[in-house]
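# Fold and geometry: a report
What follows is each chain in one-letter form.
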Amino acid sequence: MKASLGIRWNNPFRSAPVPKERQLGKEAIVALIIHGCFQFGASMSGLFLNLYLWRLTQDLAVNGFYNMIVFLFTPVAFALGGWITKRKDRMVTYRLGILTIAIFYLVVVIAQEKVAEWYMLFAIFQGMASGFYWTGYLVLQYDVSTETNRIRFLAVNMIVFNAAGLVGPALAGFVIRLNEGLQGYIITFVFAFIMFVLASIISLRIPTVPTHHRVYHLNLMGLVMRKNAVWVKGLASFFVLGLFQGIMLFLPNILLYQTVGREDWVGYFGVFFASLTVATGYIISRKAKKEQVRKYVLFSTTGILCGAVFLLYDVTTWTVVIFMMMFSICNPLAVNTLTSYYYRLIGTLPLKGQLKVESVVMREAFLNAGRILSITLLLCFSKNLDSIWLPVVLTGSAAMQYVLFWLIRE
């Protein structure tokens, strides 16, 4: 009937041939496989590490300070990892990151309940390990993608990232539920350690690339910032993004556990939220256009804020779930858009791409500064999960994302 009336239904999930210039190369595919293995381990361990601390301490401040220390030391590792990348290669930094993250969770398994006693040292360890990993991977993302296929690569990366996260949380929640006490957490961390080792082995499929541009120009970034106002606004956009991300990287799972009372249900909800993100990533990979960045950011912020408003009414299972559904659908659009936009800005800097490592380090410094500030505000206004200020700070951080609209341009 629709066809006879000349009406065409644009199905966002309908497959269409991908133009040759947007297809991904061999190294891009290998990079996605490595990242998938990494995320499978990270989705099992990272999801429940904050819950593990919460179960051991029942203290929101411990979780907050733990994440603040992680975000404080991650840029330090980025700066050091950037130097290693410039002197050696991004794969050296990348493999170092995978290896140190694997060692981190091995130490968690050995320490067990001592993690709560020594949480500051563990936070420093995790911050450094994460910084090395993401320095290598963000530079690798730039290298294995091009201007024509980068937005597609980032969207497929998002699909892989969250598809790996579909199984991990459910498996971890099931394992934790089967074992008494905190033993299930330890088994989960062992599984994560094995996946990180596997990712490290697969990373050998991407060879190192010798470079003649070994000078590390991080000390010149201040001069570049004074000369390039558009790039500075791009950095500021990641600071604003961090104002919301800092809270979102640890608080939602604690809220879920507090309302449902079971780790396995936290894992099952994690699967559901990840599936929504996978669907969003698929649509972005087929339909998104790099010329519409401001529209995407506006849409994403509005959706997340609408979900956050429900928490102002009451913090219960159904309001937390609605908020997380909106976040899972809309947040990938903002992150993918900003990352693709920033990579394009890197191409406008002096020395024709030689500042990509320094640019990644600067991006992380601004992002983590925003994360630390948001957690500081949360702990200042909300000492526990029952505080009326908790949903207010969360909603305010979501509303701040509207600033992104004025910081980026088409």
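- Looking up the protein in an unreviewed UniProt entry gives the name MFS transporter, with the organism given as Paenibacillus albus.
- Under the UniProt heading Subcellular location (unreviewed entry), the entry covering the protein gives this text: "Cell membrane".

## Section: the overall build of the protein
- The helix and strand inventory of the protein stands at 16 helices and zero strands.
- Put simply, the protein has 410 residues, and 55% of those count as buried.
- Pairs at least 24 apart in sequence give 86% of the contacts found in the protein among residues at least 6 apart.
- In the form shown here, the protein has an accessible surface area of approximately 17,900 Å², with 68% of it arising from carbon and sulfur atoms.

## A word on empty space enclosed by the protein
- Enumeration over the complete set of coordinates arrives at three cavities of 30 Å³ or more.
- Taken as a whole, the second largest cavity spans an internal volume of roughly 40 Å³.
- Around the second largest cavity sit Leu241, Phe244, Ser300, Thr301, Ile304, Asn331, Ala334, Gln401 and Leu404, which together line it.
- Those elements that place two or more of their residues in the lining of the second largest cavity are α9 (229-248), α12 (293-313) and α13 (317-346).
- Ranked by residues supplied to the lining of the second largest cavity, first place goes to α12 with three residues.
- When its residues are assigned to classes, the lining of the second largest cavity shows five nonpolar, four polar and no charged.

## Quick word on the side chain of Gln245
- Counting through the fold element by element, Gln245 comes out in helix α9.
- Assessed through its relative accessible area of 14%, Gln245 is described here as buried.
- Here the side chain of Gln245 touches Arg371 through a polar contact of 2.7 Å, side chain to side chain.
- Not counting chain neighbours up to four residues away, the residues in contact with Gln245 comprise Val335, Leu367 and Arg371.

## Observations regarding the nonpolar core
- One finds Tyr66, Phe189, Phe196, Trp231 and Phe323 to be the most contacted residues of the largest nonpolar core, which totals 116 residues.
- It is helix α1 (residues 26-57) that contributes the most residues to this core, 15 residues altogether.
- Taken domain by domain, the makeup of this core includes at least three residues from each of domain 1 (25-212) and domain 2 (217-409).
- Other than its neighbours up to four places away in sequence, Phe323 contacts Phe244, Met248, Ile304, Gly307, Ala308, Leu311 and Leu394.

## What to know about the environment of Ala116
- Among the structural elements, Ala116 can be located in helix α4 (residues 114-117).
- Overall, the relative accessible area of 18% leaves Ala116 in the buried class.
- When the C-alpha positions of Ala116 and Leu56 are compared, they lie 6.5 Å apart, and in sequence the two are 60 residues distant.
- Other than its neighbours up to four places away in sequence, Ala116 contacts Leu53, Leu56 and Thr57.

## What about the environment of Thr188?
- Here Thr188 is to be found in helix α7 (residues 183-202).
- On the basis of relative accessible area, Thr188 is assigned to the buried category, the value being 0%.
- When the C-alpha atoms of Thr188 and Gly173 are compared, they prove to be 8.7 Å apart, with 15 residues separating the residues in sequence.
- In this structure Thr188 touches Met44, Ser45, Ala172, Val175 and Ile176, once residues within four positions along its chain are discounted.

## Details of unusual backbone geometry
- Of note, the phi angle at Gln112 is positive, near 50 degrees, even though the residue is not glycine.
- Within the secondary structure, Gln112 sits in the loop between α3 (90-111) and α4.
- Overall, the relative accessible area of 35% leaves Gln112 in the partly exposed class.

## A few points about the side chain of Asp89
- Looking at where Asp89 falls in the secondary structure, it is placed in the loop between α2 (60-87) and α3.
- For Asp89, a relative accessible area of 6% translates into the label buried.
- There is a polar contact of 3.1 Å between the side chain of Asp89 and the side chain of Arg90.
- Residue contacts for Asp89: discarding those within four places in its chain leaves Ile84, Pro207, Thr208 and Val209.

## A few points about the pattern of salt bridges
- For the coordinates displayed, the defined rule picks out seven salt bridges.
- The salt bridge involving Lys86 is made with Glu358; its shortest N-O contact spans 2.7 Å. Separated by 272 residues along the polypeptide, Lys86 in helix α2 and Glu358 in helix α14 (residues 356-381) bring together distant segments of the chain.
- Here Arg90 and Asp143 are joined by a salt bridge, their closest N and O atoms 3.1 Å apart. Residue Arg90 is found in helix α3, and its partner Asp143 is found in helix α5 (residues 119-144); the two are separated by 53 residues along the sequence.
- Each of Asp89, Arg90, Asp143 and Lys356 takes part in a single network of salt bridges with overlapping partners.

## A look at a nonpolar patch on the surface
- A cluster of nonpolar side chains, contributed by Val309, Leu312, Leu373, Leu377, Phe381, Ile388, Trp389 and Val392, occupies part of the molecular surface with about 730 Å² of accessible area.
- Counting only elements with at least two residues in the nonpolar patch, the list comes to α12, α14 and α15 (389-399).
- Looking at the secondary structure, you find Trp389 in helix α15.
- According to the relative accessible area criterion, Trp389 is partly exposed, its value standing at 42%.

## What to know about the packing of aromatic side chains
- Going through the model one piece at a time under the given rule, you end up with 22 aromatic pairs.
- Plain terms: the ring middles of Phe104 and Tyr105 are 4.9 Å apart, the flat faces sit at 80 degrees to each other, and that makes the pair edge-to-face. For the pair Phe104 and Tyr105, a shared accessibility class is recorded, and that class is buried.
- Taking 6.0 Å as the distance between ring centres and 15 degrees as the angle between the ring planes, the aromatic pair formed by Phe269 and Phe273 counts as stacked. Of this pair, Phe269 and Phe273 both sit in helix α11 (residues 263-287), four residues apart, which is roughly one turn of the helix. Both residues of the pair, Phe269 and Phe273, count as buried.
- Sitting above the plane of the Phe405 ring, Arg294 keeps its charged end 4.0 Å from the centroid.

Rules used throughout
Residues numbered from 1 in each chain as written. Predicted model: local features only at pLDDT ≥ 70, side-chain atom pairs only at ≥ 80, totals over all residues. Heavy atoms only, no water. UniProt positions renumbered as here; feature names shortened; annotations may be inferred. Helix = DSSP H or I, 4+ residues; strand = E, 2+ residues; numbered from the N terminus. Buried < 20%, exposed > 50% of the residue type's maximum accessible area, 1.4 Å probe, protein only. Contact = heavy atoms within 4.5 Å. Areas by Shrake-Rupley, 256 points an atom, 1.4 Å probe, with all protein chains shown as cover. 1 Å grid on protein atoms, 1.4 Å probe; cavity = no way out; pocket = protein on both sides within 12 Å on 5 of 7 lines; lining within 4 Å. Points joined across faces, edges and corners; volume = space filled by probe spheres on them. Nonpolar A, V, L, I, M, F, W, Y, C, P; charged D, E, K, R; others polar. Polar contact = N/O pair within 3.5 Å; in protein donor to acceptor, adjacent residues only side chain to side chain. Core = buried A, V, L, I, M, F, W, Y, C linked by side-chain atoms within 4.5 Å. Domains from an automatic or database assignment. Salt bridge = Lys/Arg side-chain N within 4 Å of Asp/Glu carboxyl O. Patch = residues over 30% accessible without salt bridge, like charges linked within 9 Å, V, L, I, M, F, W, Y side chains within 5 Å. Phe/Tyr/Trp six-rings, centres within 6.5 Å; stacked < 30°, edge-to-face > 60°. Lys NZ or Arg CZ within 6 Å of the ring centre and 35° of its normal.

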